[in-house]
Amino acid sequence: MPQTLHEIPPTPINTVNSANVKTGGWRAFKPVCDNSKCIKCWTCWKFCPDVSIAISEEGPVYDYDHCKGCGICAAECPVKCIQMVPENK
Ligand code: SF4
Ligand code: SF4
């Protein structure tokens, strides 16, 4: 068990701002919202762990460069207007 900082082995680190790392390429499913059913509660925005949802008057706007497709927004949406669709469709 390391006792000091200098005893901890080197680990990989990200040397650039995470905004520049486009993690959307990891995604197998992407969230798509039916804005006609959206009640603008912004639960999806609150729960997205990747800060990949922006608020607009029409409904959620996804940042597909960074959304990893975890599906949390779809699971938490109270009216279930977000569908996770296969990325290649
Ligand atoms: S959680 Fe669902 S209803 Fe609420 S803003 Fe997001 S998409 Fe719309
Ligand atoms: S699928 Fe996950 S990462 Fe993508 S917008 Fe929804 S909560 Fe955020």
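Quantities reported herein were computed from a predicted structural model and do not represent experimental measurements.

> Is there a simple way to think about the nonpolar core in this case?
In globular proteins that are soluble, nonpolar side chains generally tend to be buried together. In this structure, Cys33, Cys38, Trp42, Cys44, Cys48, Ile53, Tyr62, Cys73, Ala74, Cys77, Cys81 and Ile82 together form the largest nonpolar core, which totals 12 residues. Sequence-distant contacts of Cys33, that is, excluding residues within four places in its chain, are made with Cys38, Pro60, Tyr62, Cys81 and Ile82.

> Explanation requested: the environment of Ser36 in the structure shown.
Along the chain, Ser36 falls in the loop between strand E1 (29-33) and helix H1 (43-47). Sequence-wise, Ser36 and Asp50 are 14 residues apart; in three dimensions their C-alpha atoms are separated by 25 Å. Side-chain polar atoms of Ser36 contact the side chain of Asp34, separated by 2.5 Å.

> Could you clarify how one ought to interpret the packing of aromatic side chains in this entry?
Describing an aromatic ring pair means giving the distance of the ring centres and the angle of the ring planes. Applying the stated criterion across every chain yields a total of 1 aromatic pair. Geometry around Tyr64 places Lys30 over its ring, the cationic atom sitting 5.4 Å from the centre.

> Sorry if this is basic, but what is going on with the environment of Pro31 here?
Within the secondary structure layout, Pro31 lies in strand E1. Once the C-alpha coordinates of Pro31 and Cys70 are considered, the two residues, 39 residues apart in sequence, prove to be 8.9 Å apart. Once residues within four sequence positions are removed from consideration, Pro31 is found in contact with Tyr62, Tyr64, Cys67, Cys73, Ile82, Gln83 and Met84.

> Explain the pattern of salt bridges here, please?
Pairing is possible between side chains of opposite charge, provided their charged atoms come close. Evaluated as defined, the whole model comprises 4 salt bridges. Glu87 is the salt-bridge partner of Arg27, the closest N and O atoms lying 2.8 Å from each other. Of the two residues, Arg27 sits in the segment before E1 while Glu87 sits in the segment after strand E4 (82-86), which places them 60 residues apart along the sequence. The shortest N-O distance in the salt bridge between Lys68 and Asp50 comes to 2.5 Å.

> It is not clear to me how the side chain of Thr43 should be interpreted in this structure. Could you clarify?
Here Thr43 shows up in helix H1. Excluding residues within four positions of it along the chain, Thr43 makes contact with Glu76 and Pro78.

> Quick question: what am I supposed to make of the site of ligand 1 here?
Lining the immediate environment of ligand 1, one finds 14 residues, of which Cys38, Cys41, Trp42, Cys44 and Cys77 sit closest. Here the shell around ligand 1 is built from residues that sort into 12 nonpolar, 1 polar and 1 charged.

> What is the right way to read unusual backbone geometry from this model?
Peptide bonds are mostly trans, and most non-glycine residues show a negative phi. Positive phi values are uncommon outside glycine, yet Lys40 reaches one of about 60 degrees. Note on placement: Lys40 falls in the loop between E1 and H1. Relative accessible area serves as the criterion here: at 30%, Lys40 is assigned to the partly exposed category.

What counts as what
Residues numbered from 1 in each chain as written. Chains lettered and ligands numbered in written order. Predicted model: local features only at pLDDT ≥ 70, side-chain atom pairs only at ≥ 80, totals over all residues. Heavy atoms only, no water. Core = buried A, V, L, I, M, F, W, Y, C linked by side-chain atoms within 4.5 Å. Buried < 20%, exposed > 50% of the residue type's maximum accessible area, 1.4 Å probe, protein only. Contact = heavy atoms within 4.5 Å. Helix = DSSP H or I, 4+ residues; strand = E, 2+ residues; numbered from the N terminus. Polar contact = N/O pair within 3.5 Å; in protein donor to acceptor, adjacent residues only side chain to side chain. Phe/Tyr/Trp six-rings, centres within 6.5 Å; stacked < 30°, edge-to-face > 60°. Lys NZ or Arg CZ within 6 Å of the ring centre and 35° of its normal. Salt bridge = Lys/Arg side-chain N within 4 Å of Asp/Glu carboxyl O. Near = heavy atom within 4 Å. Nonpolar A, V, L, I, M, F, W, Y, C, P; charged D, E, K, R; others polar.

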